[in-house]
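Coordinates in review
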Amino acid sequence: MFKVTTEPLSIDEAYAAVRRDDCGAVALFIGTVRDHHDGKKVTKISYSAFKEMAVKEFAAIAAEAQSRWKVGAVYIAHRTGALRIGDASVVIAVSAAHRAEAFDACRHAIEALKKMAPIWKEEFYETGKAWISG
Amino acid sequence: MKIAVQLFGPLAEQAGVSRLEVSMSGSTLQDVLAALAVASPTLKIDRSVRFAVNTDYAAPSAPVKEGDVVSLIPPVGGG
């Protein structure tokens, strides 16, 4: 349900992890590597993480979502290592009985992940590189 | 006591290492940071850096004990 991995992320795995008979909605968020930042062409991105803590933060984010909204299950996975343009860097899936809760909890999860998960992004440009936060 | 300190992202790049050990006499995270400032004076720990003891975010006043791992968490960029 919660993982940090160097392997490509699977949308099918995320969907299968949260789909439930008592849930009529699954909200899915996929973050992908974009080819530009502040007018510069991005050639690749490298993510690193404090893996054990990140997984623990994912569980805490899911627990908070479950306490605030009536949701069925939450799946959070983040990829690390060198990623190419278009690769999925994060996948979040949330199931709920109804769509409003699924959308709200999924939005909450990605915003909380961006603030709390100990994961770092290094962007590489045609010339130079930078650490990107926020 | 000796405390292991982990550095990540830009801080690891800046220090040239991702893990080091500091010796200190106090008992809080603040004491670890003071020892770290002596052991690695080029490390820039500004207000944007957060801290963790083992796998939980912790305030500078948090207690640390032998065997704990302190992590410096520079601004994060997941997503």
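Definitions and limits used
- Residues numbered from 1 in each chain as written.
- Chains lettered and ligands numbered in written order.
- Predicted model: local features only at pLDDT ≥ 70, side-chain atom pairs only at ≥ 80, totals over all residues.
- Pairing = 2+ DSSP bridges.
- Helix = DSSP H or I, 4+ residues; strand = E, 2+ residues; numbered from the N terminus.
- Contact = placed C-beta atoms within 7 Å.
- Axes fitted to C-alpha atoms, helices over the stretch in contact; angles between N-to-C directions.
- Core = buried A, V, L, I, M, F, W, Y, C linked by C-beta atoms within 7 Å.
- Buried ≥ 20, exposed ≤ 12 C-beta atoms within 10 Å, placed from the backbone.
- Arc of directions from axis to C-beta.
- Nonpolar A, V, L, I, M, F, W, Y, C, P; charged D, E, K, R; others polar.
- pLDDT = per-residue confidence, 0-100.

Turning to the sheet that holds strand β3 (residues 50–53) of chain B, a few remarks are in order. Residue and element names in this part refer to chain B. As summarised here, the arrangement of the 5 strands in space is β2-β1-β5-β3-β4, forming an open sheet in which the pairing is mixed. Each having just a single partner strand, β2 (19–23) and β4 (56–57) make up the two edges of the open sheet. Here helix α2 (residues 29–39) sits on the sheet in contact with β1 (2–7), β2, β3 and β5 (69–73), set at roughly 105° to β2.

Next up on the list: the sheet that holds strand β2 (residues 25–32) of chain A. Residue and element names in this part refer to chain A. The strand order β1-β5-β7-β2 describes an open sheet built from 4 strands, whose pairing is mixed. Looking along the sheet, the strands with just one partner apiece sit at the ends: β1 (2–5) and β2. Strand-to-strand twist across the sheet, computed as the mean angle between neighbouring axes with direction ignored, equals 10°. With 4 bridges connecting them, β1 and strand β5 (residues 71–79) associate as parallel partners. Paired with Val 4 across the strands is His 78, a residue of β5. Across the face of the sheet, helix α3 (residues 99–116) comes into contact with β2, β5 and β7 (88–96) while running at roughly 145° to β7.

The biggest cluster of nonpolar side chains holds 55 residues, and the ones touching the most others in it are Ile 76, Val 94 and Ala 109 of chain A. Beyond its immediate sequence surroundings of up to four residues, Ile 76 of chain A is in contact with Phe 2, Phe 58, Ile 61, Ala 62, Ile 92, Ala 109 and Leu 113 of chain A.

Residue and element names in this part refer to chain B. Where α2 is concerned, the buried positions are Leu 29, Val 32, Leu 33 and Leu 36. Mapping the buried residues of α2 onto a view down its axis gives an arc of 100°, with all of them on the same face. Away from its buried face by more than 90 degrees, α2 exposes Ala 37 and Val 38. Summarising the contacts, the buried residues of α2 are in contact with β1, β2, β3 and β5.

Chain A puts 21 residues into the contact, and the matching count from chain B is 12 residues. At the level of elements, α2 (51–68), β7, α3, β8 (119–125) and β9 (129–132) of chain A are the ones that each hand at least two residues to the side of chain A that touches chain B. Here the side of chain A that touches chain B is composed, by residue class, of 11 nonpolar, 6 polar and 4 charged.

This part covers helix α1 (residues 11–18) of chain A. Residue and element names in this part refer to chain A. Along α1, the positions that sit buried rather than exposed are Ala 14, Ala 17 and Val 18. Around the axis of α1, the buried residues are gathered within 80° of arc, so they sit on the same side. Facing away from the buried side of α1 by over 90 degrees, the exposed positions are Asp 12 and Ala 16. Of the surrounding elements, those touching the buried residues of α1 are β2, β5 and β7.

This brings us to the pairing of β9 of chain A. All names here are of chain A. As paired strands, β8 and β9 are joined by 4 bridges and run antiparallel to one another. The residue of β9 that forms the bridge with Phe 124 is Lys 129. Where β8 hands over to β9, the hairpin turn is made up of 3 residues, of which Gly 128 adopts a positive phi near 90°.

This part takes up the confidence of the model for chain B. In the predicted model, chain B carries a mean pLDDT of 95, and the fraction of residues at 70 or more is 100%. Scored by ipTM, the complex comes to 0.95, with pTM at 0.96.

This next bit is on unusual backbone geometry. Even without glycine at this site, Asp 38 of chain A takes up a positive phi of about 50°. Among the secondary structure elements, Asp 38 of chain A is positioned in the loop between β3 (36–37) and β4 (40–49). The exposed category is assigned to Asp 38 of chain A, around which 9 C-beta atoms lie within 10 Å. Positioned with a positive phi, Asn 54 of chain B is a non-glycine residue whose angle comes to about 55°. Within the secondary structure layout, Asn 54 of chain B lies in the loop between β3 and β4. Overall, Asn 54 of chain B belongs to the partly exposed group, with 14 C-beta atoms counted inside 10 Å.

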